[in-house]
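# Notes for the structure review
Single-letter residue listing:
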Amino acid sequence: MAAVVEMQGITKTYRSGSSARTVEVHALRGVDLSIGQGEYVALMGPSGSGKSTLMHIIGLLDSPSGGSYRLGGQPVEGLSEAELARIRNQRVGFVFQAFFLLPRLTALHNVALPLVYRGVPSAERLRRARAALESVGLGDRLDHLPSELSGGQKQRVAIARALVQEPDLLLADEPTGNLDSRSSEEILELFDRLHRQGKTIVMVTHEPDVGARAQRIVRLRDGKIAEGGAA
Amino acid sequence: MNPLENFRMAFESLWGNKLRSFLALLGIVIGVFAVTAMISLGQMASAGITQDLEAIAGRSIFVQPNFNEGQTSDTAPIRDEDVAALQVLPVKVLPQLFTNAQYESKPGERRSITLQGTPGDLPGLDPTNKIARGRYFTQAEARGGLAVAVLSDRAAKDLFPNRDPVGQVARLYYPSGGRLELTVVGVLEPPSGLFGGLSSSATVYAPIPLIWSTSPFTRKGQYDFLVLSLDKGADAQQVSKQVRRIFEARYGKGKFSIQSTESFQDTLRSITVILQALLGAIAGLSLLVGGIGIMNIMLVSVTERTREIGLRKALGATAGLVRQQFLIEAVVLTLVGGVLGVALAAGLLVLITATVPFFKVFILSPTTILLSLAVSALIGLFFGVWPAARAAALDPIEALRYE
């Protein structure tokens, strides 16, 4: 099974304070992590364990202080900001706890947004966005604004926005954190279905019953992987 | 990514915030309006001045002896031979003669008045002179030195208050004692336009030979002043040079002053250009204020849309694209303001042309329009750079966490 995420000895150190009294915070202290194609992984750990930092590094929003990282087989050390943006656009689909839909755009245009940055022509963008929305069961909500949608529907729009990129990796950060239990269940069922369809999913969560849906649980503690690092 | 997409997004974002966008560009509207209106009003004033000058002086060259050369009052007068020498040029030569005379305003009280000798049929030779009542004395009457006169509008009011002067006899006295009785045959129209007041004086026009024979201060065959009325199509500057050459060849340098109406116009035009620049600079200040307003709104917008910026970056927008997006928003904002400002200015200019007689022609040149729009776009660019740089520099993680 080809590895989507391959990490070896990833560290992340934040410096804060003035130059005279620098305080170093070690968020990650040597993380080895491998996530295979088609895996559904839950990333868990108490707050301060470094799971957010790790998620940001996996999603190329942050760069590690040390160690090596390949995403989809491609080494990402030393890439420029613009190259990282391009890889993010092509390989990583983000799903956020707070949905982050642009309030003035319809569901269809929100979903088409990542393709704008890929230079896909408008008609093609909308065609693919429509297909993505239909695949999450929102084919009848294309022209609704986010304010006209329920929380669960918003999150499904956000998932469609990630799917339209056809990414190597779906990266979900507490995707049910803002939802009631019924909507949560809908979203988790959607992830289950995407997993069955062969998508690679990394879900950050602190809820054990959400984590239990995943195929594998990776637990972080004090910047290190305590459990489940290898496939 | 296609930059047109960023334009479309800019319009969507500005349209989504109509009230704020409108308030932000109001400053630019006012600034562009002021600058455009100032420049165009200056050009219209310049055109108005040119027209008014032509109305009182036509396209003419004036020749008179120079009194500023430290000589006695006994300067070389203009002679018949000089007038003959000028006949080769594309001009009509109107020799003139001035002398001082007096009239009796009340019994025992004398007031002075200008007695001017002119050729006959002056309105036919120089269309800036127009007859209001009666007629001008003919060339034959002028040559014969008949005792006839035409009055300027003011002279008519002074000499014959509340009476029609045509057919009356005007009695004039030379200060040295001579007396002159002239039959009034016509009255001139008052001069028109902005400069009308400057050239309205109490003047009695009479045939030149009559003045030569009656005034002790004039001599036959000598004139004080020449008006050379340019033929159609003649170049004022070139003819001025030829006139100067003729007089310098006959008398030497600096004895005669030669001026054309175009040189007056140039002087006046350079004054309006200075005024225009001054007013334009003041109007430009309001553009600066407008630009700062744009920067302020753009900074607020960047802060408000921090999460949007974070999301766009997560979805693959580079810092460069984010910067472009906000720069385009600023430029679109100021450009729309510029278009509105130019339109408002055009409206004002149409209104002014229709209501203020001095502004006869509507002028809004394509250069002015392009300049105004270019300046407004540049202001958007200039004042958008800092907010756009702040947006581009946002860290996506921080931006997505922003509440």
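Structural notes, computed from the coordinates. Computed from a prediction, not measured in an experiment: that's the story for all the values here. (Residues numbered from 1 in each chain as written. Chains lettered and ligands numbered in written order. Predicted model: local features only at pLDDT ≥ 70, side-chain atom pairs only at ≥ 80, totals over all residues. Heavy atoms only, no water.)

### Brief notes about the interface of chain B and chain A
When the parts of a complex come together, some accessible area is lost, and that lost area is often used as the size of the interface. Counting residues at the interface gives 24 residues for chain B and 23 residues for chain A. When the two sides are added together, the surface that chain B and chain A hide from each other amounts to roughly 2100 Å², 65% of it contributed by carbon and sulfur. Per-residue buried area on chain B facing chain A is highest for Leu-311, Leu-315 and Ile-397 of chain B; these three make up 29% of the total on that side. Our count for the contact surface shared by chain B and chain A stands at one salt bridge. When the shortest N-O distance is used, the salt bridge between Glu-5 of chain B and Arg-125 of chain A registers 2.7 Å. Listed by contribution, the elements that provide at least two residues to the side of chain B that touches chain A are helix H1 (3-16), helix H11 (306-314), helix H12 (319-355) and helix H14 (396-401) of chain B. Ranked by the residues each element gives to the side of chain B that touches chain A, the list is headed by H11 of chain B, at six residues. (Contact = heavy atoms within 4.5 Å. Buried area = accessible area lost by both parts, 1.4 Å probe. Salt bridge = Lys/Arg side-chain N within 4 Å of Asp/Glu carboxyl O. Helix = DSSP H or I, 4+ residues; strand = E, 2+ residues; numbered from the N terminus.)

### So, the sheet that holds strand S4 (residues 66-71) of chain A
All names here are of chain A. Overall, antiparallel pairing links the four strands, which are arranged S2-S1-S4-S5 in an open sheet. On the outer flanks of this sheet lie strand S2 (23-36) and strand S5 (74-75), each paired with one strand and no other. Sheet strands in contact with helix H1 (residues 51-58) are strand S1 (3-16), S2 and S4, and its direction is about 125° off that of S1. (Pairing = 2+ DSSP bridges. Axes fitted to C-alpha atoms, helices over the stretch in contact; angles between N-to-C directions.)

### A few points about the nonpolar core
Membership of the largest hydrophobic core comes to 71 residues, with the highest contact counts inside it found for Val-5, Met-7, Leu-54, Ile-58, Tyr-69 and Leu-71 of chain A. Counting residues per element, this core draws most heavily on H12 of chain B, at nine residues. If we skip the residues at most four places from it in the chain, Ile-58 of chain A touches Val-5, Met-7, Leu-33, Tyr-69, Leu-71, Leu-169 and Leu-171 of chain A. Ranked by size, the runner-up nonpolar core spans 45 residues in total, among them Val-93, Leu-115, Ala-156 and Ala-234 of chain B. (Core = buried A, V, L, I, M, F, W, Y, C linked by side-chain atoms within 4.5 Å. Buried < 20%, exposed > 50% of the residue type's maximum accessible area, 1.4 Å probe, protein only.)

### Description of the packing of helix H10 (residues 261-304) of chain B against helix H13 (residues 366-393) of chain B
Residues and elements named next belong to chain B. Close contact between H10 and H13 brings their axes to 9 Å; oriented N to C, the two are set at 30°. Considering their axes alone, H10 and H13 lie roughly parallel with respect to each other. The two elements H10 and H13 meet at a crossing, and its hand is right-handed. Across from Leu-287, Leu-288, Gly-291, Ile-292, Met-295, Met-298, Leu-299, Val-302 and Thr-303 in H10, the residues of H13 making contact are Val-375, Ile-379, Phe-383, Trp-386, Pro-387, Arg-390 and Ala-391. Here the residues of the contact of H10 with H13 are counted per class, giving 13 nonpolar, two polar and one charged. (Parallel < 35°, antiparallel > 145°, perpendicular 65-115°, else oblique. Left-handed = near helix turned anticlockwise from the far one by under 90°. Nonpolar A, V, L, I, M, F, W, Y, C, P; charged D, E, K, R; others polar.)

### Observations regarding the sheet that holds strand S8 (residues 201-204) of chain A
Residue and element names in this part refer to chain A. Strand order in this open sheet of six strands is S6-S7-S8-S3-S9-S10, and the pairing throughout is mixed. The sheet terminates laterally at strand S6 (92-95) and strand S10 (224-227), the two strands that pair on one side only. The average undirected angle you get between the axes of adjacent strands in this sheet is 25°. Pairing between strand S7 (residues 169-173) and S8: four bridges, direction parallel. Bridging across to S8, Ala-172 finds its partner in Met-203. Across the sheet, helix H2 (residues 81-91) lies against S6 and S7, angled at about 75° from S6, the strand it touches most.

### Quick look at unusual backbone geometry
Phi is positive for Leu-60 of chain A, which is not a glycine, with a value near 65°. For Leu-60 of chain A, the position within the fold is in the loop between H1 and S4. By relative accessible area, which is 4% here, Leu-60 of chain A ends up buried. Of note in this structure, Asn-162 of chain B is not a glycine but carries a positive phi near 60°. Structurally, the position occupied by Asn-162 of chain B is in the loop between helix H6 (153-159) and strand S7 (169-173). With a relative accessible area of 83%, Asn-162 of chain B lands in the exposed category.

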